[in-house]
Structures are given as C-alpha cells and as structure tokens.
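Coordinates in review
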Amino acid sequence: MSKDKETKKEEVNENIENVNENVSTEECDNRQEAELSIEEKLQKELDEANEKIANLEDKYLRQVAEFDNYRKRTIKEKAELIKNGGERAIESILPVLDDFERAISNMAKDENAAEIMTGVELIYNKFVGILKQNGLEKIETEGADFNTDYHEAIAMIPTPDEALKGKVLDCVQTGYTLNDKVIRHAKVAVGE
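A short tour of the structure in this document, coming up. (Residues numbered from 1 in each chain as written. Predicted model: local features only at pLDDT ≥ 70, side-chain atom pairs only at ≥ 80, totals over all residues. Heavy atoms only, no water.)

As a further point, take the pattern of salt bridges. Between side chains of opposite charge, a pair can form when the charged atoms approach closely. All chains considered together, the criterion is met by eight salt bridges. The shortest N-O distance in the salt bridge between R71 and D68 comes to 2.6 Å. Pair noted here: R71 and D68 are both in helix α1 (residues 2-84), with a separation of three residues, about one helical turn. Since its relative accessible area comes to 24%, D68 is described here as partly exposed. Here E162 and K165 are joined by a salt bridge, their closest N and O atoms 3.1 Å apart. If you follow the salt bridges from partner to partner, you end up with D68, R71 and K72 in one network. (Salt bridge = Lys/Arg side-chain N within 4 Å of Asp/Glu carboxyl O. Helix = DSSP H or I, 4+ residues; strand = E, 2+ residues; numbered from the N terminus. Buried < 20%, exposed > 50% of the residue type's maximum accessible area, 1.4 Å probe, protein only.)

Turning our attention to a nonpolar patch on the surface. Judged by side-chain polarity, Y60, L61 and V64 come together as a nonpolar surface patch covering roughly 320 Å² of accessible area. Its location among the elements puts V64 in helix α1. (Patch = residues over 30% accessible without salt bridge, like charges linked within 9 Å, V, L, I, M, F, W, Y side chains within 5 Å. Areas by Shrake-Rupley, 256 points an atom, 1.4 Å probe, with all protein chains shown as cover.)

To continue, consider the side chain of H151. Locating H151 in the fold gives a position in strand β2 (residues 151-157). Overall, the relative accessible area of 6% leaves H151 in the buried class. Setting aside residues up to four positions removed in sequence, H151 forms contacts with I139, E140, T141, A144, D145, F146, V168, H185, A186 and V188. (Contact = heavy atoms within 4.5 Å.)

Spelled out as structure tokens, the structure:
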C-alpha cells in the first residue's frame, strides 16, 4: 500500500501543480485583460480630450476671426463717418451756393453792378474753395452723356442732330458729390 499511497500522493501533487498552473495562467490572462482595458480606457479618454481641444481651438479661431472682422468693419464705418460727417451741413449750404450762382448770373446782365459783382465773385470763389477742401465737387453736365448715377432728367428736348441724343443739353440745377458720393443729382434737360 505504500506504493499505492505514494502513487496517489504523486498524482495528487501533479494535480495540484496542474491546478496551480491553470490558476496562474488564468490570473495572468486576467491581468493582461485588465491592463488592456485600462489602456483602452486611457486611449479613449485621450481621444476625447484631443477632440475637445480641437473643438475649442476651432471655436477660438472663429471668435478671433469674427472679432477681427468686427474691428475692421467699425474702423471702416468710423472712417466713413469722419469722411462724410459734414454731409448734412453741406447739403443745407447748397441752396446758398445756388443763390450765389444766380446772383452772379443776374449781376452779369446789369452794367451798374460790375463792382459789386467782383466782390460777390471773390466771396463765391472763396466759399467754393472751402467746400472743395471738404470734398465737395460739382457734377459736370456740359456736353456730358446722360448718366442716371449723376443726373436727374426733368425734361426731354427733341434735337435735329443725332449726335445730341442722350446728351445733356441744359442744366437747371447743379449737382454735387461729396467725397465721390452723390449728395444732389444734377437736374438736366436731355436731348431725344
């Protein structure tokens, strides 16, 4: 029996070793799986963080671009306000300028008003010079083609000459631009 006992004992020991080996292999596999799942979790968190960073960076760049556009737009608007700030004041002065022109043309007809006309012309020229310094320009109409951007047709005059069709024949009221912006259209008679 001692041999049987020894054989059995050996068998039991072998079984224990096999079980221990199996348990060690399972433990090792479990540890590897745990390490892989931790690594996967960390990789997932890293990917999410990178995506969030990319979204925030995109949002930041859009905000910077939007602010830059706003800044440029306000600078442009401010420059326009400065450039054309006196538009209303100059528009209200235009009737006075028209009166000056009418006074000069009427004085030219009267021989007794020659000396007065010289003084009025000096004042008129000084006045026009100051307005030109502020960006006011007269719209030229003499012999010009009719252009709706600058002219307002108040009469159509039949012409025998084909070359005068579509041309400005007479200016009833002078038009003006302020810094290349029309503030009053020239009222004209156009050949048809």
